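# Summary of the model geometry
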Amino acid sequence: MNEAPYVLVLFYSRHGSISEMAKHIARGVNKITGFEAKIRQVPDVSATTIETTPALPDEGAPYCTLDELANCSGLAIGSPSYFGSMAAPLKHFIDQTTTLWLTGQLIDKPACGFTSASTMHGGQEQCLHSMMTPLIHHGMIWAGLPYRNKELINTTTGGTPYGASHLASSTSENILSEDEKALCEAQGKRIAEISKKLQT
Ligand SMILES: Cc1cc2nc3c(=O)[nH]c(=O)nc-3n(C[C@H](O)[C@H](O)[C@H](O)COP(=O)(O)O)c2cc1C
């Protein structure tokens with residue numbers, strides 16, 4: 001039986017804010033009839049050596065397989081901003097996708113990004129760009145957030161035209177602002193809508 005078309009919501013999150021954003025993005029994806037969100041995370045990496053991880057994480061979404069990436073109709077990819085770039089575990093996962101690149105399995109599929117950082121100008125936009133770069137090498141089509149989403153103009157927290165973002169703080173306990181939630185949902189909805197249009 002063929003699986004229903006899905007948008008892969010793929011992320012790394014150490015303290016939970018990206019994981020929280022992923023849920024709102026998935027909510028947006030699931031609003032588009034005939035499409036569903038598949039939420040997956042990537043495992044952490046060891047600082048000193050190659051370490052094997054259990055097949056299932058202790059908590060949260062299952063770990064993503066390369067097949068799940070290859071078979072998606074669209075991709076939403078999320079990482080905390082670490083020094084203005086994506087976090088190493090996500091980059092490590094992407095660096096294992098050479099077979100998909102060689103066989104062109106992601107060509108012409110839409111992709112978008114989401115990120116979180118703990119300071120207002122702490123590298124959110126750079127981090128989104130860092131995720132966009134390898135996906136463009138894969139032939140994917142980057143879909144940001146258009147300014148018809150009024151929250152982009154009014155937000156005093158996160159939100160960029162390059163992709164959804166969250167302004168985290170040490171006391172926020174991963175609580176997204178209403179603008180951030182709306183933009184995550186809009187991002188998920190848009191990537192599913194574009195995936196659907198590209199399938200017909
Ligand atoms: C190694 C490391 C580097 C970070 N670099 C930045 C940074 O450059 N700018 C910033 O604003 N926050 C930075 N942060 C904070 C995280 O981006 C922020 O706490 C984010 O919300 C974490 O996401 P998570 O809760 O999904 O793990 C850094 C955190 C770590 C652990």
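See the structure printed just above.
Computed from a predicted model, the values in this text were never measured in an experiment. Residue numbers here run from 1 along each chain, matching the order of that chain's written sequence. Predicted model: local features are reported for residues with pLDDT of at least 70 only, side-chain atom pairs are reported and counted for 80 or more only, and whole-chain, interface and lining totals are derived from all residues.

## Some thoughts on unusual backbone geometry
The criterion, for reference: Per the convention used, a helix needs a DSSP run of H or I reaching at least four residues, while a strand needs a run of E reaching at least two, with both numbered from the N terminus. With C-beta atoms placed from the backbone, a residue counts as buried when 20 or more other C-beta atoms lie within 10 Å of its own, as exposed when 12 or fewer do, and as partly exposed for counts between those limits.
Of note in this structure, Asp108 is not a glycine but carries a positive phi near 70°. Note on placement: Asp108 falls in the loop between α4 (98-102) and β4 (110-117). A residue is classified by how many C-beta atoms lie within 10 Å of it, and Asp108, with 9 of them, is exposed. Notably, Asn174 is not glycine yet its phi reads approximately 60°, a positive angle.

## Side note on the pairing of strand β6 (residues 164-167)
Here is the key point about a regular strand: its side chains alternate between the two faces of the sheet. Rule in force here: Any two strands between which DSSP finds at least two bridges are classified as paired.
Burial of the side chains of β6 extends over both faces: Ala164 and His166 are buried on one face and Ser165 and Leu167 on the other. Pairing analysis gives four bridges linking β4 to β6, with the strands arranged parallel. In the sheet register, Thr115 faces β6, and the bridge partner there is Ser165.

## A closer look at helix α5 (residues 124-137)
Each α-helix winds once per 3.6 residues, and so residues spaced three or four apart point in a common direction. What counts, and what does not: Expected span, for any helix, means 1.5 Å times one less than how many residues it has. Once C-beta atoms have been placed from the backbone, residue pairs whose C-beta atoms lie within 7 Å are recorded as contacts.
For α5, spanning 14 residues, the distance from its first C-alpha to its last is 21 Å, which sits close to the expected 20 Å at 1.5 Å a residue. Looking at α5, one finds that the buried residues are Gln124, Cys127, Leu128, Ser130, Met131, Met132 and Leu135. Buried residues along α5 sit against β3 (74-80), β4, β5 (141-142) and β6. Positive phi shows up at Gly139, right after α5, with a value of about 85°.

On their own, these measurements won't tell you what the molecule is for.
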